[in-house]
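Topology and contacts: notes
Each chain is listed here by its residues.
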Amino acid sequence: MVECRTLYGQRMRVLRTLLVLVVLSSAMVANATHNRAGEIIVCHLGGLLYEIKVITHTKLSAPADRPELEINFGDSPIWDTIARTNIQDFPAQDLRRSEYLTTHLYAGPGDFQIMIDDQNRNGGVINVPNSIAQSFSVQTLLRISPLTGSNCSPRFLNSPIQDACLNQPWVHNPAAYDPDGDSLSFEVTACLGRFGLPIAGYTFPGPNYGIDPVTGTITWNAPSLAGEYNIAFVVHEWRLVNGVWRELGYVIRDMQITVVPCNNQPPVISAQNDTCVVAGTLLNFTVQASDPNSSQAVTLEALGQPFTLASSPASFIEPSPGNPVNGIFNWSTNCSHVRSQPYMLVFNATDNWQPVQLQAYETMMVKVVGPAPENPSATPVGNTIELQWDASVCSNVVSYRIYRRSGSYGFVPDHCELGVPAYTGYTLI
């Protein structure tokens, strides 16, 4: 009898231990449901040293919080930790934005897939099966190569948290830009889970969902079921090296959309045509936005790299909320703004309907080109022609291309037209 009671007591202790473990495990999952959106940004500091910043958007009301994250730098199977350096809370959106910053020294050239993997995502995400138990993972590919040189990855000026209205078209633009002026392209991808693998059973929000590969504008026409959704997209970075386009790497951004029933329509922004401006001149134009519902007030703002420049940044005079509203864009361009790739401007209009404020986006490309040579002359000297022109006002001019043809053609370049078209009969010498 003593042996039986002892065995029974041992079994009960084991069962109680297992029960406690199960309860604790369930509590850990419940308390860890917080991840909503994020990305990883990389920038070259010098040599093989890189700055790495992780940005996450989490549920403010969730008990889980991360003073540090686990990270893999892509050059070893060993995971490291990265400490949080900044917090911004937005109680109205139940949102906490966290930044984690560190540096990492790589041993040499190569492709390095930088990754975070954090438990867990929000519960109840419609297009993520069992989202409460899924990891939140984002990746950035860093390519270190002597062919491409120094590089910083793309970054975003617009929040990855946005609401949508049931049965109404939804649109979003992340306002991505590249600090080095490299070319960007966009594509949708599946959300990532444990070990950075695509989440099994993940589905895109709907059949009429996609992203513009050039501007990054995401459209979904239209949500048919209320709830939370997560989407992810890849921003590829390209640079022309010796006449060949080479990919420098990519950034994956994961973002969350909350769809709610509402009786609202998004605002409308006037179409903006792409343009070109000669360095040293002022670019000035007006942008108008309005809302189909005359009782609603519209807020209009502008995003884009021209507003972040150290030298002579652009400005946008935001109008007071109204319907319609007019904003004024001004940019006094200079020689430091000249580059081969255009700058993208993103105009964002938001209405004031409650509880869901709908948004509209309009993108515009602005190319800044160097000024043409002033006072050119051609003087015959024996059997040669001596060419002269004034020194350029842009000190960063490195070379000129010289063309010739037999006889005059009378070519008059169009606005900001670069180079000499082949149909003119001129030959590059």
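Residues numbered from 1 in each chain as written. Predicted model: local features only at pLDDT ≥ 70, side-chain atom pairs only at ≥ 80, totals over all residues. Heavy atoms only, no water.

Here's the deal with a nonpolar patch on the surface
On the surface, Ile385, Leu387, Trp389, Val397 and Tyr400 cluster together into a nonpolar patch covering about 440 Å² of accessible area. Structurally, the position occupied by valine 397 is in the loop between strand 26 (384–388) and strand 27 (403–404). Looking at valine 397, the relative accessible area reads 35%, which means it is partly exposed. (Patch = residues over 30% accessible without salt bridge, like charges linked within 9 Å, V, L, I, M, F, W, Y side chains within 5 Å. Areas by Shrake-Rupley, 256 points an atom, 1.4 Å probe, with all protein chains shown as cover. Salt bridge = Lys/Arg side-chain N within 4 Å of Asp/Glu carboxyl O. Helix = DSSP H or I, 4+ residues; strand = E, 2+ residues; numbered from the N terminus. Buried < 20%, exposed > 50% of the residue type's maximum accessible area, 1.4 Å probe, protein only.)

Digging into the environment of proline 306
Within the fold, proline 306 resides in the loop between strand 20 (298–304) and strand 21 (315–317). The class for proline 306 is buried, based on a relative accessible area of 1%. Among residues more than four places away in sequence, those in contact with proline 306 are Pro313, Ala314, Trp331, Tyr343, Met344 and Leu345. (Contact = heavy atoms within 4.5 Å.)

Regarding the layout of surface pockets
Volume-wise, the largest pocket comes out at about 2000 Å³. Every residue lining the largest pocket is counted, 39 residues in all, and those nearest its centre are Pro373, Tyr400, Arg401, Tyr403 and Gly419. Secondary structure elements with two or more residues in the lining of the largest pocket: strand 24 (359–369), strand 25 (377–381), strand 26 and strand 27. Among the residues forming the lining of the largest pocket, the class breakdown is 25 nonpolar, eight polar and six charged. In this structure, the second largest pocket spans a volume of roughly 810 Å³. Each residue belonging to the lining of the second largest pocket can be placed in one class, and the counts come to 15 nonpolar, 12 polar and 10 charged. (1 Å grid on protein atoms, 1.4 Å probe; cavity = no way out; pocket = protein on both sides within 12 Å on 5 of 7 lines; lining within 4 Å. Points joined across faces, edges and corners; volume = space filled by probe spheres on them. Nonpolar A, V, L, I, M, F, W, Y, C, P; charged D, E, K, R; others polar.)

Digging into the nonpolar core
In this structure, Trp170, Ile218, Trp220, Ile231, Phe233, Ile257 and Val259 are the most contacted members of the largest nonpolar core, which totals 30 residues. Those elements that place two or more of their residues in this core are strand 12 (183–189), strand 13 (209–211), strand 14 (218–220), strand 15 (227–241) and strand 16 (244–260). When residues no more than four places from it in sequence are discounted, the contact partners of tryptophan 220 are Gln168, Pro169, Trp170, Pro205, Gly206, Asn208, Tyr209, Tyr229, Ile257 and Val259. Listed in part, the 24 residues of the second largest apolar core include Ile269, Val277, Phe316 and Val325. (Core = buried A, V, L, I, M, F, W, Y, C linked by side-chain atoms within 4.5 Å.)

Quick look at the packing of aromatic side chains
Summed over the entire model, instances satisfying the criterion amount to 13 aromatic pairs. Judged by centre distance (4.9 Å) and plane angle (75°), the ring pair of tryptophan 220 and tyrosine 229 falls under edge-to-face. For tryptophan 220, a relative accessible area of 3% corresponds to the buried category. The exposure class assigned to tyrosine 229 is buried, which follows from its relative accessible area of 4%. Relative to phenylalanine 329, the ring of phenylalanine 285 lies with its centre 4.8 Å away and its plane at 25°, an arrangement referred to as stacked. One end of the pair, phenylalanine 285, is in strand 19 (residues 282–290); the other, phenylalanine 329, is in strand 22 (residues 325–332), and 44 residues separate them in sequence. The class for phenylalanine 285 is buried, based on a relative accessible area of 14%. Members of the aromatic cluster, connected to one another through ring pairs, are Phe285, Phe307, Phe316, Phe329 and Phe347. Geometry around tyrosine 343 places arginine 339 over its ring, the cationic atom sitting 3.7 Å from the centre. Positioned above the aromatic ring of tyrosine 426, the side-chain terminus of arginine 405 is 5.7 Å from the ring centre. (Phe/Tyr/Trp six-rings, centres within 6.5 Å; stacked < 30°, edge-to-face > 60°. Lys NZ or Arg CZ within 6 Å of the ring centre and 35° of its normal.)

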